Every structure is written in structure tokens, then in C-alpha cells.
Amino acid sequence: MKNILVVDENLPYLLNNINFPVGGATVQTRNWMHGFEDLGYNIIINSSVEVENSSHYIIERVSIKTSRSKLYSSFSSIFQYYKILKKYNPEFIYISIPWWTNFLIIIAAKILNIRVVQRISNDNLVNKEAKNRFNNKFKYIFYKISLKLTNVFLCQNDYQLDLLKKRYSNKIVKKLYNPFLLDKGCDYNNKSRNYIAWIGLFQYQK
């Protein structure tokens, strides 16, 4: 069976029915997982969240340590990611939210020649506002490195699509609408209803 590694910090909360504001990106990731499973993929989840896992998924935890030198912590995290990727040899890695720490797992993926798919969860992670999301310049540099090393970008809208196509013309950049799970017991051929209600968080940057 083919493997996929899914990187999503909040996913364990959702999978284990824990009352926690996971956010739309995590709900979206869960819906992608249904599709991956239907295609015959085995899913491994990476998250640093420490919860009792009652789901049937494998959750591999990697916590970025800050107790020692930053250089040591970085190499330690990369090595942990390397061991996980070597163990499961995923066909690709799906990362639900762009962030500066992603460069650690992406470095390990590059060593093992594993493709990385980065989902863009917000406009302000790809436009000029992105720099303001980080509290120091080094994190922003690592963030830009993670994007440069990504193989595939999945966008939510034309704005994200156009920005990334111009910036990374040598990469695969696609727009996919947010996935949702259809209840098999419902009648979707009902002619009196021709819309889907999407409940989400309304923010300026959205």
C-alpha cells in the first residue's frame, strides 16, 4: 500500500474528537484524507500534539526542541523527520499550512527525494503581509526557504495562484476548491436545493 505523510499540527484533536478550535485548514485536510484513502493510500500523520490517540491513524510526533542551541535543535529535528520518512517512505508529503518550521521536514524530504505538496491556507502567507507573520527575520528566511524547496503548491483562489505562478514559474501551482465530505445518505438530486452552505471564519485577509 502506498503511503502519504500529512503534516498538520491540529489534526490529532479533530481525529480524536477533542473540543479544540482546529481551524478550516485542518477540516480541509481531514476531507482530503477521505479522498486519499479512497485512492488506496495509507496515511501517516505528523504533529507535535500530545493526545491519546483513539483513531486508527498512525501519528508520529516530532517536537522542535529549544532547550539547547538552535543549531543542535534544528539538526535534531531534521534527523527525527529523516527517520520517519525513511521508515514509511511516503509517495509525497502533504503540508496543510505554510510555516517557517516546515523547512525542517522539507530538508529531510529533499535528502530522500520525496515530493512536498504545500497547501496555501491564507492570502497573507504569500503576499507582502507574509513577512509580518513572523517575529524575527530568521524565521522569515526559513519560511522562504521552505517555499522555494516545495514541489507543488495548491491554492484556494486566483489571487494565490497568480502570485505563486509569477514567483515560482518552475514549480507546479494549481488551484483546487476546498473539499467537503458528502453524506452518502443524503439525496443530492433534490431539485429544490441548488446550493451548498459553507460555514467558515470571515477575516479581512480571507
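Cut-offs used in this document
Residues numbered from 1 in each chain as written. Predicted model: local features only at pLDDT ≥ 70, side-chain atom pairs only at ≥ 80, totals over all residues. Heavy atoms only, no water. Salt bridge = Lys/Arg side-chain N within 4 Å of Asp/Glu carboxyl O. Helix = DSSP H or I, 4+ residues; strand = E, 2+ residues; numbered from the N terminus. Buried < 20%, exposed > 50% of the residue type's maximum accessible area, 1.4 Å probe, protein only. Core = buried A, V, L, I, M, F, W, Y, C linked by side-chain atoms within 4.5 Å. Contact = heavy atoms within 4.5 Å.

Engineer: Quick question: what am I supposed to make of the pattern of salt bridges here?
Structural biologist: Once the charged atoms of two side chains with opposite charge are near each other, the side chains can pair. Taken as a whole, this structure holds two salt bridges when the rule is applied. Across the salt bridge formed by Lys87 and Glu60, the nearest N and O atoms sit 3.5 Å from each other. With Lys87 in helix α3 (residues 70-88) and Glu60 in strand β3 (residues 58-60), this residue pair connects regions lying 27 residues apart in the sequence. Owing to a relative accessible area of 17%, Glu60 belongs among the buried residues under this scheme. The shortest N-O distance in the salt bridge between Asp158 and Lys175 comes to 2.9 Å. In this pair, Asp158 is assigned in helix α6 (residues 158-167) and Lys175 in strand β7 (residues 172-175), connecting sequence segments 17 residues apart. Judged by relative accessible area, Asp158 falls into the partly exposed class, the value being 43%. For Lys175, a relative accessible area of 30% gives the class partly exposed.

Engineer: Which parts of the structure should I look at to understand the nonpolar core?
Structural biologist: Core analysis: the biggest nonpolar cluster contains 34 residues, and Leu5, Leu85, Ile93, Ile105, Tyr143 and Leu164 have the highest contact counts within it. Elements supplying a minimum of two residues to this core: β1 (2-7), α3, β4 (92-95), α4 (102-111), α5 (137-148), β6 (152-155) and α6. Considering every element that reaches this core, the biggest residue donor is α4, with six residues. The contacts of Leu85, once residues within four sequence positions are left out, are Leu5, Pro90, Ile93, Ile105, Ala108, Ala109, Leu112 and Ile114. By size, the runner-up hydrophobic cluster in this structure holds 17 residues, among which are Trp32, Met33, Ile45 and Val152.

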